[in-house]
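# Structural features, examined
Here is what each chain is made of, one letter per residue.
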Protein chains: 2
Amino acid sequence: MAPARGAPKIARMSPPHVVILGGGFGGLAAARALAKAPVRVTLVDRQNHHLFQPLLYQVATAALNPSDIAAPIRHVLRKQRNVTVLLAEAVAVDVRARSVTLADGDLPYDHLIVATGATHSYFGHDEWARRAPGLKTLEDAVEIRQRFLLAFEAAEREPDPERRRALLTFVVIGAGPTGVEMAGAMAEIARHTLATEFRNIDPRGARVVLVEGVDRVLPAYAPELSASALAELTRRGVEVRLGARVTGIEDECVRVGDEPIGACTVVWAAGVAGSPLARTLGVPLDRAGRVIVDATLSIPGHPEVFVIGDLAAMTQDGSPIPGVAQGAIQGGQHAAETIARRLRGETPRGFVYKDLGSMATIGRNAAVVDVNGTRLTGVLAWWAWLAVHILALIDFRNRVFVLLSWAWSYLSFGRGARLITRKVPPTLITRDDD
Amino acid sequence: MAPARGAPKIARMSPPHVVILGGGFGGLAAARALAKAPVRVTLVDRQNHHLFQPLLYQVATAALNPSDIAAPIRHVLRKQRNVTVLLAEAVAVDVRARSVTLADGDLPYDHLIVATGATHSYFGHDEWARRAPGLKTLEDAVEIRQRFLLAFEAAEREPDPERRRALLTFVVIGAGPTGVEMAGAMAEIARHTLATEFRNIDPRGARVVLVEGVDRVLPAYAPELSASALAELTRRGVEVRLGARVTGIEDECVRVGDEPIGACTVVWAAGVAGSPLARTLGVPLDRAGRVIVDATLSIPGHPEVFVIGDLAAMTQDGSPIPGVAQGAIQGGQHAAETIARRLRGETPRGFVYKDLGSMATIGRNAAVVDVNGTRLTGVLAWWAWLAVHILALIDFRNRVFVLLSWAWSYLSFGRGARLITRKVPPTLITRDDD
């Protein structure tokens, strides 16, 4: 029963407290699905914004602004009066005490939804992280954008041809959707956007190398879509190395098998690992550090603790539920529904993932789409990809602005967000005076 | 005479080399004015972007994205084939050797245009810089935006009423155009944009204090415009302290005269000083560290060295030429013309500054405008301000996008660029569990 309006706080029958950790697709979906439940919700995120992660590579490649793909969580949920948003970092969960340990205090809960997602995994080579940043946060995206743009600036001033070559070589490791999208976008920028803006180098000569351990790009997609994506990448000038392993990342050099490739800019799009918070739950994790959940998305022995989205390891009909936005959204809604059912004294249902299809873009006018076996490639797939991503963007302003930004980029071959907001690194060498 | 197309570099009669330091309004205007001159131009900036500084406060107050008010210099000048753009930092000028010392090499010149602008001056209190950042670069603007937004986040979680009050108090020091614009925008955000988004605090109770040493706001404007601006600020809830001196800035406290004001967020908009590069020219500077130039904008004894824009100290008809975009643009054009005249063997003309008027905005529907004594205030002035600033924006994309961003902010009272892209600082205290 909701407390009477205007009743003093102290007199309230406090409704059950649902704590949601993480304001990504899963956490936000859970919070929204609890709008009418007789609970008070606290959503905790260490960032103030929800991030539309599928478009993060567009920030990394200067097509979109950071704020085009992010909305303040507080703003998104402002009308939902039973939610409090906290900007704070959860460092551990004490499942016995039913309390979340924040970096600066504790937060008791009655029900907990853990949706803190995944981070990069360097497969035991954490020393690679500095030279090959991954792409999970806005900061990551801005860092990669800086490195990418600064490489051309440095090449413009570099007298040594070999180092110039390394500055104009970009290696993307991992050919899943993120890797394919990054490599495709990098090749397009070099060949179109920057083509005429330099005097001492020709950006069109830049080399983009995409390295993948298995024998095709987009390994999670149907083989015919992998083949289409490979053809589109090749047509755009991306060098794709299949069945190739990265064996070392040194300063300005990536080793692929035995071959050293001189490259100053490297992007990591290969491995993910569950967020470190998972280890504090005291339950079994899979090899990638994700939490093995039961059919209600709860952890063993604690039906009040749910794990959803990229942090949860679940299989359905023998195959794993993929780490995509839809999986997180459906998981968040299911956890919310389960809480509501329990409060009404009903039996929870098991989670059933409904596959709405998958899509990835390779660049201007090229994408691959798979919806329950209906497969599209090329221009049509690209327009489908565009429509779905614009409609899915959470905040109305973003939707309009992203559409316009894209329309503009599309018509002009330009990229609006080409800012370098750091000082020039001291390693840039002066060009000789011509 | 231009060298033949396709002639090998080595055989060219090298045209005179004009080096421009700084890609602000002055440097860019000079480069453009040299488009048809028989010179090669090198424009050096330590940032890759030209910044539309008059709108910087809009980034600091989350209305615009950094890239809305910045354009890559390389992109702006891409069609002007006689210009090379270098991303590099000039640390000194050797006027005898006719060479610029970069952080990583030397750059000889035949003609030099120094347009490196101004930085903040804390009037001998450099220890205030950390607690009261100024507003000159995109980084400054993003830093202020972070502090401003984080203050509300921290207040939402702060149990101690006194500290919560300090978190919700914002002090702006200096009531020139930047200070007035900042204070007006901060008051609007607290009263409108954030009004409904918090649960434990009411952002409408935030206090914005504007401190000015002389007896009116906008001291460089006509007294009637100062009075109008003061009335508008007061109506928006800004506390204006006139004839007040800041005597100390400590952690979470600003001393105005003898009175301590508890405030966690402080912005410095009071003093400017010429860029440190001026000191390496070996010529007399004024008290603010600006270079005293002659009627051709050159320095004593070196007619080939020009100083323009905010870094130049010049008077005309007894009053100083103001440090505004128009002064820099006209100075840059004049320096370019002087170089061209000298190359043609003609006598240089003296610089005459043409005052095109000045304007400042206080917030939604309120501005002051003065064009040769024609003075506007209120809504009409605000629309005039908007029109001039949109038209002046250098890059077409920016113009369209800024217009749309503004239209959206105006209609929705929202602010689109409310990103905090830093980790939560450890000083944020947890709220008690209600």
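Residues numbered from 1 in each chain as written. Chains lettered and ligands numbered in written order. Predicted model: local features only at pLDDT ≥ 70, side-chain atom pairs only at ≥ 80, totals over all residues. Heavy atoms only, no water.

One can expect most non-glycine residues to show negative phi and most peptide bonds to be in trans. Phi is positive for Asp317(A), close to 50°, though the residue is something other than glycine. Within the secondary structure, Asp317(A) is located in the loop between β23 (315–316) and β24 (319–320). A relative accessible area of 76% means that Asp317(A) is categorised as exposed. Positive phi values are uncommon outside glycine, yet Asn372(B) reaches one of about 50°. With respect to the secondary-structure elements, Asn372(B) resides in the loop between β26 (366–371) and β27 (374–377). What makes Asn372(B) exposed here is its relative accessible area of 62%. (Helix = DSSP H or I, 4+ residues; strand = E, 2+ residues; numbered from the N terminus. Buried < 20%, exposed > 50% of the residue type's maximum accessible area, 1.4 Å probe, protein only.)

Helical geometry: 3.6 residues make up each α-helical turn, so side chains three or four residues apart lie on a common side. Residues and elements named next belong to chain A. Taking 1.5 Å per residue as the helical rise, helix α8 (residues 325–343) with its 19 residues ought to reach 27 Å, and the 27 Å between its terminal C-alpha atoms agrees with that figure. Along α8, the residues that are buried comprise Gly-327, Ala-328, Gln-330, Gly-331, Gly-332, His-334, Ala-335, Ala-336, Thr-338, Ile-339, Ala-340 and Arg-341. Of the surrounding elements, those touching the buried residues of α8 are β1 (17–21), α1 (25–33), β9 (111–114) and β21 (302–307). Where α8 terminates, the next one or two residues include Gly-345, which has phi positive at roughly 80°. (Expected span 1.5 Å × (residues − 1). Contact = heavy atoms within 4.5 Å.)

The terminal C-alpha atoms of helix α6 (residues 177–193) of chain B lie 22 Å apart, and with 17 residues this matches the ideal 24 Å at 1.5 Å per residue to within 8%. In terms of burial, α6(B) is largely enclosed, as 13 of its 17 residues are buried.

The next point concerns the packing of aromatic side chains. Overall, the coordinates contain 18 aromatic pairs over all chains when judged by the stated rule. One aromatic cluster in this structure is built from Tyr122(A), Phe123(A), Trp128(A) and Trp268(A). (Phe/Tyr/Trp six-rings, centres within 6.5 Å; stacked < 30°, edge-to-face > 60°.)

Another point: the environment of Ile201(B). Residue and element names in this part refer to chain B. With respect to the element layout, Ile-201 can be found in the loop between α6 and β12 (207–211). The exposure class assigned to Ile-201 is buried, which follows from its relative accessible area of 9%. Remark: the alpha-carbon pair of Ile-201 and Arg-157, spanning 44 residues in sequence, is separated by 8.8 Å. For Ile-201, the contacting residues outside a window of four places in its chain are Phe-152, Ala-155, Glu-156, Arg-164 and Leu-168.

Sheet strands pair by backbone hydrogen bonding; their relative direction is either parallel or antiparallel. All names here are of chain B. Strand order in the open sheet formed by 3 strands is β14-β15-β16, with antiparallel pairing between adjacent strands. Edge strands, defined here as strands with exactly one partner in the open sheet, are β14 (246–250) and β16 (259–262). Between one strand and the next, the sheet's axes are offset by a mean angle of 20°, whatever the strand orientation. In terms of strand pairing, strand β15 (residues 253–256) meets β16 through 4 bridges, oriented antiparallel. Along β16, the bridge assignment pairs Cys-253 with Gly-262. (Pairing = 2+ DSSP bridges. Axes fitted to C-alpha atoms, helices over the stretch in contact; angles between N-to-C directions.)

Moving on: the state of the cysteines. As used in these notes, a disulfide is a covalent bond between sulfur atoms, one from each of two cysteines. Residue and element names in this part refer to chain A. Considering all chains together, one arrives at 0 disulfides over all chains under this definition. Just so you know, Cys-264 is unpaired, no disulfide at all, and the nearest cysteine sulfur is the one on Cys-253, 10 Å from it. Cys-264 sits in the partly exposed class, given a relative accessible area of 23%. (Disulfide = S-S within 2.5 Å.)

Time to look at empty space enclosed by the protein. All names here are of chain A. One pass over the structure, following the stated rule, counts 10 cavities of 30 Å³ or more. Along its surface, the largest cavity is lined by 16 residues, and Gly-309, Ala-312, Ile-321, Pro-322 and Gly-327 are the ones closest to its centre. Top element by residues in the lining of the largest cavity is α8. It accounts for 3 residues. Residue composition of the lining of the largest cavity, by class: 10 nonpolar, 4 polar and 2 charged. (1 Å grid on protein atoms, 1.4 Å probe; cavity = no way out; pocket = protein on both sides within 12 Å on 5 of 7 lines; lining within 4 Å. Points joined across faces, edges and corners; volume = space filled by probe spheres on them. Nonpolar A, V, L, I, M, F, W, Y, C, P; charged D, E, K, R; others polar.)

Time to look at the sheet that holds β12(B). All names here are of chain B. Strand order in the open sheet formed by 4 strands is β13-β12-β11-β17, and the pairing between neighbours is parallel. Two strands close off the open sheet at either side, each with one partner strand: β13 (238–241) and β17 (265–268). Looking at each pair of strands side by side, their axes are set apart by 20° on average, direction ignored. This element, helix α4 (residues 138–156), spans β11 (169–173) and β17 of the sheet and lies at about 160° to β17.

It is worth spelling out the packing of helix α1 (residues 25–33) of chain B against helix α8 (residues 325–343) of chain B at this point. When two helices pack together, their arrangement is given by the angle between their axes and by how far apart the axes lie. Residue and element names in this part refer to chain B. Two elements in contact, α1 and α8, have axes separated by 7 Å at closest approach and are oriented at 35°. Considering how the two elements wind past one another, α1 and α8 form a crossing that is right-handed. On α8, the residues that touch Phe-25, Gly-26, Ala-29, Ala-30 and Ala-33 of α1 are Ala-325, Ala-328, Ile-329, Gly-332, Gln-333 and Ala-336. Across the contact of α1 with α8, the residue classes break down as 8 nonpolar, 3 polar and no charged. (Left-handed = near helix turned anticlockwise from the far one by under 90°.)

The subject of this paragraph is the pairing of strand β14 (residues 246–250) of chain A. Successive side chains on a regular strand alternate, one facing one side of the sheet and the next facing the other. All names here are of chain A. When β14 meets strand β15 (residues 253–256), the two strands line up antiparallel, connected through 4 bridges. Following the sheet pairing, Val-246 is matched in β15 by Val-256. Two successive antiparallel strands, β14 and β15, enclose a turn made up of 2 residues, where Glu-252 displays a positive phi of approximately 60°.

All names here are of chain A. Within the secondary structure layout, His-49 lies in strand β3 (residues 49–51). The class of His-49 is buried, set by a relative accessible area of 5%. In this structure the side chain of His-49 is engaged in a polar contact, spanning 3.0 Å, whose partner is the side chain of Asn-48. (Polar contact = N/O pair within 3.5 Å; in protein donor to acceptor, adjacent residues only side chain to side chain.)

Let us now look at the confidence of the model for chain A. Residue and element names in this part refer to chain A. Across chain A, the average pLDDT comes to 87, with 88% of residues at or above 70. Considering only residues more than four positions removed or in separate chains, one finds that residues 1–12, a stretch of pLDDT under 50, has 5 contacts. Every residue in residues 422–434 scores below 50 in pLDDT, and together they form 41 contacts with partners more than four places removed in sequence or on other chains. Scored as a complex, the prediction yields pTM 0.82 and ipTM 0.75. (pLDDT = per-residue confidence, 0-100.)

Turning to the pattern of salt bridges, a few remarks are in order. Within the structure shown, the criterion is met by 47 salt bridges over all chains. A salt bridge links Arg74(B) to Glu156(A); the nearest nitrogen and oxygen atoms lie 4.0 Å apart. On the criterion of chain membership, the pair formed by Arg74(B) in helix α3 (residues 73–76) and Glu156(A) in helix α4 (residues 138–156) is interchain, its members lying in two chains. Owing to a relative accessible area of 1%, Glu156(A) belongs among the buried residues under this scheme. Through salt bridges with shared partners, a single network forms among Glu337(A), Arg341(A), Arg344(A), Glu346(A) and Arg349(A). (Salt bridge = Lys/Arg side-chain N within 4 Å of Asp/Glu carboxyl O.)

As a further point, take the environment of Ala312(A). Residue and element names in this part refer to chain A. With respect to the element layout, Ala-312 can be found in strand β22 (residues 312–313). In the structure, Ala-312 is positioned 96 residues away from Arg-216 in sequence and 26 Å away in space, judged by C-alpha atoms. If we ignore the near neighbours within four places in the chain, the residues touching Ala-312 are Arg-290, Val-291, Val-293 and Val-307.

So, about the side chain of Asp45(B). All names here are of chain B. Summarising the element assignment, Asp-45 is placed in strand β2 (residues 40–45). As a buried residue without a salt bridge, Asp-45 has its nearest oppositely charged side chain in Arg-46, at a separation of 5.6 Å. In terms of polar contacts, Asp-45 uses its side chain to reach the backbone amide nitrogen of Gln-47, at 2.8 Å. Here Asp-45 is in contact with Gly-22, Gly-23, Gly-24, Ile-73, Leu-86, Leu-87 and Ala-88, once residues within four sequence places are set aside. (Lys, Arg positive; Asp, Glu negative; His and termini not counted.)

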